[in-house]
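Geometric and topological summary
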Amino acid sequence: MNEKVIFNVLAKDVENAKELVEVAGDRVLIGVMVKHFPSAKEAIEQVALYKNNDIPVSVGLGAGDPAMWKMVADVSAKTVPNHINQVFPAAGYTRGRMSELKASTTLVNALIEPSGTAGEVYISTGPSSSNFKENVSCELAAAILAEIGVNSVKFYPIDGEKRLDEVAAMVKAAVNAGLTIFEPTGGIDVDNVERIVQVCLDNGAKTVIPHLYTSLIDQETGKTEVEKIKQLISMKWK
C-alpha cells in the first residue's frame, strides 16, 4: 500500500469488484462483511473467490458489529486478506494470528469510537466492553495500539464532516505514537471525502483509508458505481 489515499468500498459481486479494481488498481480495497454470511465457511469462500480473481480484500465486521470479532479473526486466519477491520479489544489477538501465519503485509486496524469531545475517545468497542462508555485520551488509545503492534486506527462513526476536530485530535495522537495509517469511517461520500482526507493528511497521517460504502452504490442495480470510483481516484491532495 504505497498510495497515500486508498478507498475501502463494497462490491455487489465478483464482477462488480473486478470492474472497480480495473479502474482503481491498488487504490481500492473491496470489503467482505462477515455479518452478511450465515457462517464463517461462506465468508471464507467469498474471500477466496475474490483473492483468486486478484481482488484486494478487506475483511470487515459489518456495521462495526462487535459480536462479529471472532468470525473476522477466523475468516482472516483462513484466507490472509489484504486488510482486516477489528474491534479495539481484539486487534492485538488478530494481529498475533496474522503474525503466526507470517502475514506481515496484512493490515489490521483497531476500531476506536469518537466520544463527542476532541481529544477523548472510546476504546471499549468489543461485544461486552461497548456497554461501558468511559472516555480515555487519544494518546492512551494510540499508545496501547503501538504496544500491541497494530498500526492503523479505524475511527467510526465520524458522521461525515461533523467530527473533524475529533478526527484531527485522534490522527495527531496516533502519528505521535508511530501509527501513520488512519481510516475515517461513517457518513463519507464523494462530496465530503476530500476535506476529511485533507484533515487526516494535515495532521500527519501518511496513508488514509476512507471507508465509503452505501454512498457509492446504485440503488437500482446494487452495484458500486464505477464512475464514482473514477471520481475518487482523480482527487488530488496537498
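A few points on the structure. All values reported here derive from a predicted model rather than from experimental measurement.

Between its terminal C-alpha atoms helix α6 (residues 164–176) stretches 18 Å, which fits the 18 Å expected from 13 residues at 1.5 Å a residue. Taken together, the buried positions of α6 are occupied by Leu164, Glu166, Val167, Ala168, Met170, Val171, Ala173 and Ala174. Lining the buried residues of α6 we find β5 (107–114), β6 (120–122), α5 (138–148), β8 (152–155), β9 (181–184) and α7 (193–202). Downstream of α6 by one or two residues, Gly178 has phi in the positive range, about 95 degrees.

Right, let's talk about the nonpolar core for a bit. Judged by nonpolar contacts, the single largest core of 71 residues is most densely connected at Ile30, Ile112 and Met170. Considering every element that reaches this core, the biggest residue donor is α6, with seven residues. Contacts of Ile112, omitting those with residues within four sequence positions, involve Phe88, Val121, Tyr122, Ile123, Thr125, Ala141, Leu145, Val153, Lys154, Phe155, Tyr156 and Met170. Of all hydrophobic cores here, the second largest spans five residues; its members include Leu29, Leu107, Ile181 and Ile209.

Under the defined criterion, the tally for this structure stands at three aromatic pairs. When the centroid spacing of 6.5 Å and the interplanar angle of 40 degrees are considered together, the rings of Phe7 and Trp237 count as tilted. On the criterion of sequence distance, the pair formed by Phe7 in strand β1 (residues 7–9) and Trp237 in the segment after α8 (226–233) is long-range, its members being 230 residues apart. Judged by its relative accessible area of 18%, Trp237 is buried.

This paragraph deals with unusual backbone geometry. The linkage connecting Tyr156 with the following residue, Pro157, adopts the cis geometry, with an omega of 0 degrees. Of note, Lys102 is a non-glycine position whose phi angle comes to about 60 degrees, a positive value. A relative accessible area of 70% places Lys102 in the exposed class.

Applying the stated criterion across every chain yields a total of 11 salt bridges. Lys133 is the partner of Glu113 in a salt bridge, and the nearest nitrogen-oxygen pair spans 2.9 Å. Of this pair, Glu113 sits in strand β5 while Lys133 sits in the loop between β6 and β7 (136–137), and the two are 20 residues apart along the sequence. The shortest N-O distance in the salt bridge between Glu227 and Lys230 comes to 3.4 Å. Of this pair, Glu227 and Lys230 both sit in helix α8, three residues apart, roughly one helical turn. You can call Glu227 exposed: its relative accessible area is 53%. Classification of Lys230 as partly exposed rests on a relative accessible area of 40%.

For the rest of this paragraph, the subject is the packing of helix α1 (residues 14–24) against α8. The interhelical angle for the contact between α1 and α8, taken along N-to-C directions, is 25 degrees, at an axis separation of 10 Å. On the basis of the axis angle, α1 is roughly parallel to α8. You can see that α1 and α8 cross each other, and the crossing is right-handed. For the pair α1 and α8, the contacting residues are Glu19, Leu20, Val23 and Ala24 in the first and Val226, Ile229, Lys230 and Ile233 in the second. Its residues assigned to classes, the contact of α1 with α8 comprises six nonpolar, no polar and two charged.

Among the structural elements, Phe88 can be located in helix α4 (residues 88–100). Overall, Phe88 belongs to the buried group, its relative accessible area being 7%. In the structure, Phe88 is positioned 93 residues away from Ile181 in sequence and 15 Å away in space, judged by C-alpha atoms. In contact with Phe88, other than residues within four places in its own chain, are Ala110, Leu111, Ile112, Ile123, Thr125, Ala141, Ile144 and Leu145.

Attention now goes to the environment of Met33. When you line up the elements, Met33 lands in strand β2 (residues 28–33). A sequence separation of 79 residues divides Met33 from Ile112, and the C-alpha atoms of the two residues are 18 Å apart. Ignoring sequence-local partners within four residues, the contact set of Met33 consists of Leu10, Gly60, Leu61, Gly62 and Tyr213.

Attention now moves to the pairing of β5. Of all eight residues that make up β5, seven are buried, and the element is covered over most of its length. Sheet analysis places strand β4 (residues 83–84) next to β5, joined by two bridges and oriented parallel. Following the sheet pairing, His83 is matched in β5 by Leu107. As judged from the four bridges shared by β5 and β8, these two strands associate in the parallel manner. Looking at β8, one finds that Leu111 is bridged to Lys154.

Criteria and cut-off values
Residue numbers here run from 1 along each chain, matching the order of that chain's written sequence. The predicted nature of this model means local features are confined to residues of pLDDT at least 70 and side-chain atom pairs, given and counted, to a pLDDT of 80 or more, with totals for whole chains, interfaces and linings taken over all residues. Computation of side-chain values covers all heavy atoms of the structure but excludes hydrogens and water. Numbering goes from the N terminus for both helices and strands, where a helix is a DSSP run of H or I of at least four residues and a strand is a run of E of at least two. Each residue after the first adds 1.5 Å to the expected span of a helix. Each residue is assigned to one of three classes by its accessible area relative to the maximum for its type, calculated with a 1.4 Å probe on protein chains only: buried under 20%, partly exposed between the two thresholds, exposed over 50%. Every residue pair with non-hydrogen atoms within 4.5 Å of one another is taken to be in contact. Grouping buried Ala, Val, Leu, Ile, Met, Phe, Trp, Tyr and Cys residues that are joined through side-chain atoms within 4.5 Å yields what is termed a nonpolar core. Two aromatic rings, drawn from Phe, Tyr or Trp (for Trp, its six-membered ring), form a pair once their centres lie within 6.5 Å of each other, and the interplanar angle then sorts them: stacked below 30 degrees, edge-to-face above 60, tilted otherwise. Only one rule defines a salt bridge in this text: a Lys or Arg side-chain nitrogen within 4 Å of an Asp or Glu carboxyl oxygen. An axis is simply a line fitted to the C-alpha atoms; with a helix, the fit covers only the stretch in contact. Between two such axes, the angle follows the N-to-C directions and lies from 0 to 180 degrees. Each angle receives one of four descriptions, namely roughly parallel if under 35 degrees, roughly antiparallel if over 145, roughly perpendicular if within 65 to 115, and oblique otherwise. For any helix crossing, the convention is left-handed if the near helix is rotated counterclockwise from the far helix by under a right angle, and right-handed if that rotation is clockwise. Side-chain classes are defined by residue name, with Ala, Val, Leu, Ile, Met, Phe, Trp, Tyr, Cys and Pro counting as nonpolar, Asp, Glu, Lys and Arg as charged, and the others, Gly among them, as polar. Note on pairing: DSSP must find at least two bridges between two strands before they are called paired.

Purely geometric numbers; function is a separate question.
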